[in-house]
Amino acid sequence: MVVKVYGPAYASPKRVLVCLVEKEIEFETVPVDLIAGENLTPDYLKLQPFGSLPVIQDGDYTLFESRAIIRYYAEKYKSQGTDLLGKTLEEQGLVNQWLEVEAHNYHPPLYTLVLHTMFSGHMGVVRNEQVIKESEEKIGKVLDVYEDRLSKSKYLAGDFFSLADLSHLPFTNYLVGPVGKGYMIKERKHVSAWWDDISSRPSWLKVLEICK
């Protein structure tokens, strides 16, 4: 059964796509235009009642929230493709810890920064320079924690690539690209090496090619 992924043009669905590529799972994509409000149509809201992206359909099974989706596929196909969860209970604990850090400490200010720099004038967002400055400061503090962590291990959860690293790819790609804040990564030696590593993985390059 081919997995159907909604909204591939946006960052959070790309988090799912790169996981599926790493796990060697077949998928197809369904475009959803947020600017045109296609995420608020009755048909879409039947799949995702909050109107957010992404949603996956896998046969009769529907799931939303990108981190829930990547955890699901990493566990369901644990022995297939890249092991993204860790081999021991302790490794798995660290993967989940850093995945939670990404979700609750790193993502919120970065998401706000992306909204105010890339989507200003759309979806009711009005660019606010003070919000941009505050968001950048918050991201910087998180990246300082990452710099310390990555001075001790190659990846966030240890010396293996995991969901914790993978989850950073889509929005950090915005940070170093269209948002124009790549120096925040480059000025931190270990964060920069980590980003160069994970952003050059064949799975991520394939997703970028698919979603051109």
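Owing to the predicted nature of the structure, the values given are computational and were not obtained by experimental measurement.

Undergrad: Got a minute to help me understand the UniProt feature "domain: GST N-terminal" (unreviewed entry) in the protein in this structure?
TA: With numbering aligned to this structure, UniProt lists the feature "domain: GST N-terminal" (unreviewed entry) at residues 1-81. Taken end to end, residues 1-81 is 36% helix and 20% strand, and its first and last C-alpha atoms sit 17 Å apart.

Undergrad: Explain the sheet that holds strand β3 (residues 55-58) to me, please; I cannot follow it from the model alone.
TA: Strand pairing in a sheet is mediated by backbone hydrogen bonds. Such pairs are either parallel or antiparallel. Spatially, the four strands line up as an open sheet ordered β2-β1-β3-β4, and their pairing is mixed. The sheet is open, and its two edges are formed by β2 (27-30) and β4 (61-64), each paired on a single side. Neighbour to neighbour, the strand axes of the sheet diverge by 20° on average, direction disregarded. Direction of pairing for β3 relative to β4: antiparallel, over a ladder of four bridges.

Undergrad: Please explain unusual backbone geometry as it appears in this structure.
TA: Leaving glycine out, the prevailing phi sign among residues is negative, and the prevailing peptide bond configuration is trans. Residue Pro54 follows Leu53 across a cis peptide bond; omega there is 0°. Mapped onto the elements, Pro54 comes out in the loop between α2 (42-47) and β3. Unlike most non-glycine residues, Glu24 shows phi in positive territory, near 60°. Mapped onto the elements, Glu24 comes out in the loop between α1 (11-22) and β2. Exposure remark for Glu24: the relative accessible area of 58% places this residue in the exposed category. With a phi angle near 80°, Glu65 is a residue other than glycine that sits in the positive phi range.

Undergrad: Explanation requested: the packing of aromatic side chains in the structure shown.
TA: We describe a pair of aromatic rings using the distance from one ring centre to the other and the angle between the two ring planes. For the structure on display, the rule yields 11 aromatic pairs. Taking the centre distance of 6.2 Å and the plane angle of 65° together, the rings of Tyr6 and Tyr44 count as edge-to-face. With a gap of 38 residues between them, Tyr6 in strand β1 (residues 3-6) and Tyr44 in helix α2 connect regions that are remote in the sequence. Here the two residues Tyr6 and Tyr44 agree in accessibility, since each one is buried. The structure contains a cluster of three or more aromatic residues connected by ring pairs, namely Tyr61, Tyr72, Tyr73 and Tyr77. In this structure, Arg201 is placed above the aromatic ring of Phe161, and the distance from its NZ or CZ to the ring centre is 3.8 Å.

Conventions and cut-offs
- Residues numbered from 1 in each chain as written.
- Predicted model: local features only at pLDDT ≥ 70, side-chain atom pairs only at ≥ 80, totals over all residues.
- Heavy atoms only, no water.
- UniProt positions renumbered as here; feature names shortened; annotations may be inferred.
- Helix = DSSP H or I, 4+ residues; strand = E, 2+ residues; numbered from the N terminus.
- Pairing = 2+ DSSP bridges.
- Axes fitted to C-alpha atoms, helices over the stretch in contact; angles between N-to-C directions.
- Buried < 20%, exposed > 50% of the residue type's maximum accessible area, 1.4 Å probe, protein only.
- Phe/Tyr/Trp six-rings, centres within 6.5 Å; stacked < 30°, edge-to-face > 60°.
- Lys NZ or Arg CZ within 6 Å of the ring centre and 35° of its normal.

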